[in-house]
Amino acid sequence: MKEIEMEWTTSTFGYLSIPVFVVGIACYFFPDFLYKIFVLMRYRGIKPNYEFEDNPPNSDIPKHIEVILKVLGSIMVTLGIIWFWFSEEFYYLLF
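Along each chain, residues carry numbers from 1 onward, in the same order as the chain's sequence is written. Where local features are concerned, this predicted model is filtered to residues with pLDDT of at least 70; where side-chain atom pairs are given and counted, the filter is 80 or more; whole-chain, interface and lining totals use all residues. Water and hydrogen atoms play no part in the side-chain values, which are based on all heavy atoms of the structure.

## Some words on a nonpolar patch on the surface
Rule in force here: Patch membership needs two things, relative accessible area over 30% and no salt bridge, and members are linked within 9 Å if like-charged or within 5 Å if nonpolar (Val, Leu, Ile, Met, Phe, Trp, Tyr). Only the protein chains shown count as cover for residues, with accessible areas throughout obtained via the Shrake-Rupley method and a probe of 1.4 Å. Each reported salt bridge corresponds to a side-chain nitrogen of Lys or Arg within 4 Å of a carboxyl oxygen of Asp or Glu. Starting at the N terminus, helices and strands are each numbered in turn, a helix being any DSSP run of H or I of at least four residues and a strand any DSSP run of E of at least two. Whether a residue is buried, partly exposed or exposed follows from its accessible area with a 1.4 Å probe, protein chains only, as a fraction of its type maximum: under 20%, in between, or over 50%, in that order.
Judged by side-chain polarity, Tyr28, Phe29, Phe30, Phe33, Ile37, Phe38 and Met41 come together as a nonpolar surface patch covering roughly 750 Å² of accessible area. At the level of secondary structure, the elements contributing two or more residues to the nonpolar patch comprise helix 1 (10-29) and helix 2 (31-46). Top element by residues in the nonpolar patch is helix 2. It accounts for 4 residues. Its location among the elements puts isoleucine 37 in helix 2. Overall, isoleucine 37 belongs to the partly exposed group, its relative accessible area being 32%.

## Quick word on the packing of helix 1 against helix 3 (residues 63-85)
So the rule is basically this: To define axes, lines are fitted to C-alpha atoms, for helices over the stretch in contact only, and angles between the resulting N-to-C directions are given on a 0 to 180 degree scale. Any angle that is under 35 degrees is reported as roughly parallel, and any over 145 degrees as roughly antiparallel; angles of 65 to 115 degrees are reported as roughly perpendicular and all others as oblique. Crossing handedness follows the turn of the near helix against the far one: under a right angle anticlockwise gives a left-handed crossing, and clockwise gives a right-handed one. In this description, contact between two residues means that some pair of their heavy atoms is separated by no more than 4.5 Å. Note on residue classes: Ala, Val, Leu, Ile, Met, Phe, Trp, Tyr, Cys and Pro are nonpolar, Asp, Glu, Lys and Arg are charged, and everything else, Gly too, is polar.
One can describe the packing of helix 1 onto helix 3 by two numbers: an axis separation of 7 Å at closest approach and a directional angle of 155°. As summarised for this structure, helix 1 and helix 3 are arranged roughly antiparallel, according to the angle between their axes. Along this stretch, helix 1 crosses helix 3, giving a crossing that reads as left-handed. In contact with Phe13, Gly14, Leu16, Ser17, Val20, Phe21, Val23, Gly24, Ile25, Cys27 and Tyr28 of helix 1, helix 3 contributes Leu69, Lys70, Gly73, Ser74, Met76, Val77, Leu79, Gly80, Ile81, Trp83 and Phe84. Among the residues forming the contact of helix 1 with helix 3, the class breakdown is 15 nonpolar, 6 polar and 1 charged.

Encoded structure:
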């Protein structure tokens, strides 16, 4: 199997910084929405016959899952800002 070689340069950080930042914002501000999407996807994987049973689980997000998603979101936002700071595009934008 052939491996993909990726070179980590300063422009790579610029390309990765914005998606990481956006996903971090989504994880931090909308953890309940993300949790409901994942629970529904798991439910649909277990019971694909949605024509016969349409009773998706209706539960609130557990506190520890919410804390994990918020911590993960804040780490991703911080990494997105730091990676954008060290990218070439930031210096082209600034100067």
